[in-house]
Amino acid sequence: MKRTHVRHAAAGVTCLILVAGASACADDKRSGGDGPRVGVILSRSGPAAALGEDIEAALDAFKEIDPTTADLDIEYVTCDDKSTPEGASACARKFAQEDPVDMIFGPVIGAIHAKAAPILRTGPPSITPSPYVVPSPDSPIFSVYGSAADMNHTIVQHAADRDYERMALLATTDQTGTIAVENIEKSAEKLGVKVAVERFAAEDVDATAQLNRLLDTDPDYVYVAASGAAAGVALKGLKQLDADLPTALAGSNTSADFFAAASKALPSETLFAVTPSWLPDDLDDAERADQVREFQRAFEKAADAPPSFVVQSVYDSFQVIAQALDKAGTERDDIVGYMEGLDESQGLNWTISFSESRHNVSTLGNWTMARYDPAAKQWSLAD
């Protein structure tokens, strides 16, 4: 079934990013009203376009659930980063310098965010749901996603808990893959798990050579640190090599689009590091479980597909942005001060707290491993 999104008038400002990096807008910067303006950096084109669709659907779901957007007359202005670092930089420049907004959402992908970060540091406060962004405390950048180190540790801990001795890691050669390798190797050493590592480029269409070298180490368990098409290449390679091993994937691969594309290549045991809220029926906190279910229903209405794990943090990002604009107004320093004093704000995935010395969420111990059954299209907690 074709996926559609409800489009809101407040997001109707149309801007073109020109070749030279300048922007031209069809409407005046306050065309949506006199309320705060939020710049939304996402991928409408390129390899991450499906994730961009999910982000827009999550924003639609947030506006349906949370009244703050209407109460404050928030205008959301989107910019396509084209799934490239250069595109993300152009969007950051647009929102920080050329067509200023009061707060920025994104970029979402760690390697793309890294390119835009120098510009974001000079602009309005921004929030990303990327686990591979650890913002400097002297910047106006914040991350509502749990740290990649905590997430990766959970993936290795699963191997240790199952008495797996050997683990294979196939990671992309970009910043996201590099961070994953560093985290996995550190946790593996601590937990006594041997790990073999191979790398491949995110744009590669074949990883057979790397997978053969990994399989030569006789692994008990595989982690593919890649997203989207790159993860699909790895899974296809494992399938062709008849290597049906327990395989952990990145949470960015929990979308309906990914499962549809990779359905024939998914291993018998497909695992993901997520938060307990991903399975609200297993939550002890009834109020939080209801909040998650409400979002999941609203997202499915907007996207005509179930949500991915990433978009729950997208929702948390927009929730924190709305709270900051509501409580602190639109002055940059006031927003940063509010964010650095935020303490245990309940999001869908976890409680969100920041401080002057920490601009990302501490989530150690708040991850769990979940299993996806491709045949039944159902989730359960991993043993």
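What you see is a predicted model, and the numbers here were worked out from it, not measured in a lab.

Peer 1: Can you walk me through the overall build of the protein chain in this structure?
Peer 2: Secondary structure summary: the protein chain contains 12 helices and 17 strands in total. Radius of gyration (C-alpha) of the protein chain: 20 Å, near the 21 Å computed for a compact globule of 383 residues. In terms of overall dimensions, the protein chain has a C-alpha envelope of 60 × 50 × 45 Å along the principal axes. Expressed as a percentage of its 383 residues, the buried residues of the protein chain come to 55%. Look at the contacts in the protein chain between residues 6 or more apart in sequence, and 67% of them connect residues 24 or more apart.

Peer 1: How should the packing of helix H1 (residues 49-65) against helix H11 (residues 309-328) be read in this particular structure?
Peer 2: Packed helices, taken two at a time, are described by their axes: the angle between them and the distance between them. For the pair H1 and H11, the least separation of the axes is 9 Å and the interaxial angle reads 50 degrees. Compared by their axis directions, H1 and H11 come out oblique. Taken as a pair, H1 and H11 cross one another with a handedness that is right-handed. Residues Leu51, Asp54, Ile55, Ala58, Leu59, Phe62 and Ile65 of H1 touch H11, and the partners they reach there are Val310, Val311, Val314, Tyr315, Phe318, Gln319 and Ala322. Across the contact of H1 with H11, the residue classes break down as 12 nonpolar, 1 polar and 1 charged.

Peer 1: Explain the pattern of salt bridges here, please?
Peer 2: Any two side chains of opposite charge can pair if their charged atoms end up close together. Tallied over the full model, the rule gives 13 salt bridges. A salt bridge links Glu64 to Lys301, with the shortest nitrogen-to-oxygen separation between them at 3.9 Å. Residue Glu64 is found in helix H1, and its partner Lys301 is found in helix H10 (residues 286-303); the two are separated by 237 residues along the sequence. Across the pair Arg213 and Glu198 runs a salt bridge, and its minimum N-O distance is 3.0 Å. Here Arg213, found in helix H7 (residues 208-215), pairs with Glu198, found in strand S9 (residues 194-200); they are 15 residues apart in sequence, far enough to count as distant. By relative accessible area, Arg213 is classed as partly exposed at 43%. Each of Arg37, Glu75, Lys94 and Asp99 takes part in one network of salt bridges that share partners.

Peer 1: Help me understand the sheet that holds strand S8 (residues 166-172) in this model?
Peer 2: Two modes of strand pairing occur in sheets, parallel and antiparallel, and in both the strands are linked by backbone hydrogen bonds. The sheet built from 7 strands is open, its strands ordered S9-S8-S10-S11-S12-S16-S17 with mixed pairing. Edge strands, defined here as strands with exactly one partner in the open sheet, are S9 and strand S17 (378-381). Averaged over all pairs of adjacent strands, the angle between their axes in this sheet comes to 25 degrees, without regard to strand direction. As paired elements, S8 and S9 share 7 bridges and run parallel to each other. By the bridge assignment for S9, Leu170 is matched with Glu198.

Peer 1: How should I be thinking about the nonpolar core in this particular structure?
Peer 2: Burial of nonpolar side chains together is a common tendency in soluble globular proteins. Counting residues in each nonpolar core, the largest one holds 100 residues, and the members touching the most others are Tyr221, Tyr223 and Phe318. No other element matches H11, which puts 12 residues into this core. If near-sequence neighbours (up to four positions away) are discounted, Tyr221 is found in contact with Ile155, His158, Ala159, Tyr164, Arg166, Met167, Ala168, Pro246, Ala248, Leu271 and Met369. In this structure, Ala88, Cys91, Ala117 and Leu120 belong to the second largest nonpolar core, which totals 16 residues.

Peer 1: Would you mind going over the UniProt feature "domain: Leucine-binding protein" (unreviewed entry) in the protein chain with me for this structure?
Peer 2: UniProt annotation of "domain: Leucine-binding protein" (unreviewed entry) refers to residues 37-362 when read in the numbering used here. A distance of 28 Å separates the end C-alpha atoms of residues 37-362, which is 47% helix and 17% strand.

Peer 1: Help me out: how do you make sense of the sheet that holds strand S15 (residues 360-361) in this one?
Peer 2: An order of S4-S3-S5-S6-S7-S15 is seen for the 6 strands of this open sheet, with the pairing classed as parallel. At either end of the open sheet lies a strand with only one pairing partner, and these are strand S4 (75-80) and S15. One ladder, built from 2 bridges, connects strand S5 (residues 103-105) with strand S6 (residues 126-128); its direction is parallel. Among the inter-strand pairings, Phe105 is bridged to a residue of S6, identified as Ile127. On the sheet, H1 packs against strand S3 (37-42), S4 and S5 and is oriented at approximately 150 degrees with respect to S3.

Peer 1: How should I be thinking about the environment of Thr270 in this particular structure?
Peer 2: Following the sequence through the fold, Thr270 ends up in strand S12 (residues 270-274). For the pair Thr270 and Phe105, spaced 165 residues apart in sequence, the C-alpha to C-alpha distance is 31 Å. For Thr270, the contacting residues outside a window of four places in its chain are Thr247, Leu249, Ala370, Arg371 and Tyr372.

Peer 1: How should the environment of Ser227 be read in this particular structure?
Peer 2: When you line up the elements, Ser227 lands in the loop between strand S10 (221-225) and helix H8 (229-240). The spacing of Ser227 and Ala250 is 23 residues in sequence and 6.6 Å in space, taken between C-alpha atoms. When near neighbours in sequence (up to four residues on either side) are disregarded, Ser227 contacts Ser252 and Asn253. A polar contact is formed between the side chain of Ser227 and the side chain of Ser252, at a distance of 2.5 Å.

Definitions and cut-offs
Residues numbered from 1 in each chain as written. Predicted model: local features only at pLDDT ≥ 70, side-chain atom pairs only at ≥ 80, totals over all residues. Heavy atoms only, no water. Helix = DSSP H or I, 4+ residues; strand = E, 2+ residues; numbered from the N terminus. Rg over C-alpha atoms; globule rule 2.2 N^0.38 Å. Buried < 20%, exposed > 50% of the residue type's maximum accessible area, 1.4 Å probe, protein only. Contact = heavy atoms within 4.5 Å. Axes fitted to C-alpha atoms, helices over the stretch in contact; angles between N-to-C directions. Parallel < 35°, antiparallel > 145°, perpendicular 65-115°, else oblique. Left-handed = near helix turned anticlockwise from the far one by under 90°. Nonpolar A, V, L, I, M, F, W, Y, C, P; charged D, E, K, R; others polar. Salt bridge = Lys/Arg side-chain N within 4 Å of Asp/Glu carboxyl O. Pairing = 2+ DSSP bridges. Core = buried A, V, L, I, M, F, W, Y, C linked by side-chain atoms within 4.5 Å. UniProt positions renumbered as here; feature names shortened; annotations may be inferred. Polar contact = N/O pair within 3.5 Å; in protein donor to acceptor, adjacent residues only side chain to side chain.

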